[in-house]
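Below, each chain spelled out in residue letters.
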Amino acid sequence: TASYRMLAQLHGRVQYFGFANTLVLAVALYFLPRLRGVPVTSVRASNVAIGMVAMAAVVRIVLAVSLVLPLDRIPLFDAVSLTIAALLTLAGNAVALLVLVSTDRRGTGSPAKSAIAQVRPLIGMAWMVLLTAQVIDLASAVQVVRGGSVAVLPVGTDDAVLTLAGFGWFVPLAVAFASRTFPLFL
């Protein structure tokens, strides 16, 4: 049914763009400044970024919970909720990326000799793929609003967004984190 498909799509986005994304932002915004030897360029912007991503997860969770309650569905409300969540996630990650890049550029010493120089290409690629997946997600949500139908994203688009987020963002980021962390413990 449409409600089941919508619930499955919400679950994937809460996992990737909610929990995993918030964890990655918190770790990145905490450790990058330490690796570069400078304070984060904007604590307020960092908090706003994490807050927007977390709020998007809350919107998606509330929408998912509403699907299992015996409520009359309002397709436009559901679609607008999906769009707001997608917009918050994209905006939060864009703000976080700006903070991370500005903090990295302010770092002490040569960026080529920094503790993250070897993994910078992986991290950069991962963030670009994440933002691409989130732009596709937002565009799909906007299309659902314009269509006025049930707030279910097209299956191919949903698969593309979650595949990009999983393999193109989370895997390279995990490799980058592991390649910096494991040598410290070994």
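Above: the structure in question.
Residues numbered from 1 in each chain as written. Predicted model: local features only at pLDDT ≥ 70, side-chain atom pairs only at ≥ 80, totals over all residues. Heavy atoms only, no water.

Trainee: Help me understand the overall build of the protein chain, please; the structure alone is not making it clear to me.
Mentor: Looking only at helices and strands, one finds five helices and zero strands in the protein chain. Counting helices and strands in the order they occur from the N terminus, the protein chain gives α-α-α-α-α. Looking at the protein chain as a whole, 42% of its 186 residues qualify as buried. The long-range fraction of contacts in the protein chain, counting pairs at least 24 apart against all pairs at least 6 apart in sequence, stands at 88%. Split by element, the accessible area of the protein chain, about 9,700 Å² in all, is 74% carbon and sulfur. (Helix = DSSP H or I, 4+ residues; strand = E, 2+ residues; numbered from the N terminus. Buried < 20%, exposed > 50% of the residue type's maximum accessible area, 1.4 Å probe, protein only. Contact = heavy atoms within 4.5 Å. Areas by Shrake-Rupley, 256 points an atom, 1.4 Å probe, with all protein chains shown as cover.)

Trainee: Any chance you could explain a nonpolar patch on the surface here in plain terms?
Mentor: A contiguous nonpolar patch, built from Phe19, Ile61, Val65, Val68, Leu69 and Leu71 and spanning about 540 Å² of accessible area, is present on the exposed surface. Among the elements that take part in the nonpolar patch, helix 2 (residues 43-68) stands out by supplying three residues, more than any other. Note that Ile61 resides in helix 2. Taking the relative accessible area as the measure of exposure, Ile61 reaches 34% and is therefore partly exposed. (Patch = residues over 30% accessible without salt bridge, like charges linked within 9 Å, V, L, I, M, F, W, Y side chains within 5 Å. Salt bridge = Lys/Arg side-chain N within 4 Å of Asp/Glu carboxyl O.)

Trainee: Help me understand the nonpolar core in this model?
Mentor: Burial of nonpolar side chains together is a common tendency in soluble globular proteins. Counting residues in each nonpolar core, the largest one holds 30 residues, and the members touching the most others are Phe17, Leu25, Leu29, Leu100, Trp127, Trp169 and Leu173. For this core, the secondary structure elements donating two or more residues are helix 1 (2-36), helix 2, helix 3 (75-106), helix 4 (120-147) and helix 5 (155-185). Top contributing element to this core by residue count: helix 1, with seven residues. Here Leu100 is in contact with Ala28, Leu29, Leu32 and Trp127, once residues within four sequence places are set aside. Residues Met6, Leu63, Leu67 and Ala141 belong to the second largest nonpolar core, which totals eight residues. (Core = buried A, V, L, I, M, F, W, Y, C linked by side-chain atoms within 4.5 Å.)

Trainee: Looking at this model, I keep getting lost on the environment of Arg13. Mind explaining?
Mentor: Structurally, Arg13 can be placed in helix 1. On the basis of relative accessible area, Arg13 is assigned to the buried category, the value being 3%. Residues Arg13 and Ile61, 48 residues apart in the sequence, show an inter-C-alpha distance of 9.6 Å. At 2.7 Å, the side chain of Arg13 forms a polar contact with the side chain of Asp137. (Polar contact = N/O pair within 3.5 Å; in protein donor to acceptor, adjacent residues only side chain to side chain.)

Trainee: Please clarify how the pattern of salt bridges should be interpreted in this entry.
Mentor: Working definition: two side chains of opposite charge can pair if their charged atoms are close together. Tallying each qualifying case throughout the model produces five salt bridges. The closest approach of N and O atoms between Arg13 and Asp158, which form a salt bridge, is 2.5 Å. Residue Arg13 is found in helix 1, and its partner Asp158 is found in helix 5; the two are separated by 145 residues along the sequence. Judged on exposure class, the residue Arg13 and its partner Asp158 are both buried.

Trainee: Which parts of the structure should I look at to understand the packing of helix 3 against helix 4?
Mentor: Each pair of packed helices can be summarised by the angle the axes make with each other and by the distance between the axes. At a minimum axis distance of 9 Å, the contact between helix 3 and helix 4 shows a crossing angle of 160°. On the basis of the axis angle, helix 3 is roughly antiparallel to helix 4. The chirality of how helix 3 crosses helix 4 is left-handed. Of the residues contributing to the contact of helix 3 with helix 4, the split by class is 20 nonpolar, four polar and three charged. (Axes fitted to C-alpha atoms, helices over the stretch in contact; angles between N-to-C directions. Parallel < 35°, antiparallel > 145°, perpendicular 65-115°, else oblique. Left-handed = near helix turned anticlockwise from the far one by under 90°. Nonpolar A, V, L, I, M, F, W, Y, C, P; charged D, E, K, R; others polar.)

Trainee: Looking at this structure, how should I read the packing of aromatic side chains?
Mentor: With the rule as written, the count across this model stands at two aromatic pairs. Between Tyr30 and Phe31 the ring centres are 4.9 Å apart and the planes differ by 90°, which places this aromatic pair in the edge-to-face class. Relative to Phe170, the ring of Trp169 has its centre 5.4 Å away and its plane inclined at 50°; by these criteria the two rings are tilted. Above the plane of the ring of Tyr30 lies Arg34, whose end atom (NZ or CZ) is 3.9 Å from the centre. (Phe/Tyr/Trp six-rings, centres within 6.5 Å; stacked < 30°, edge-to-face > 60°. Lys NZ or Arg CZ within 6 Å of the ring centre and 35° of its normal.)

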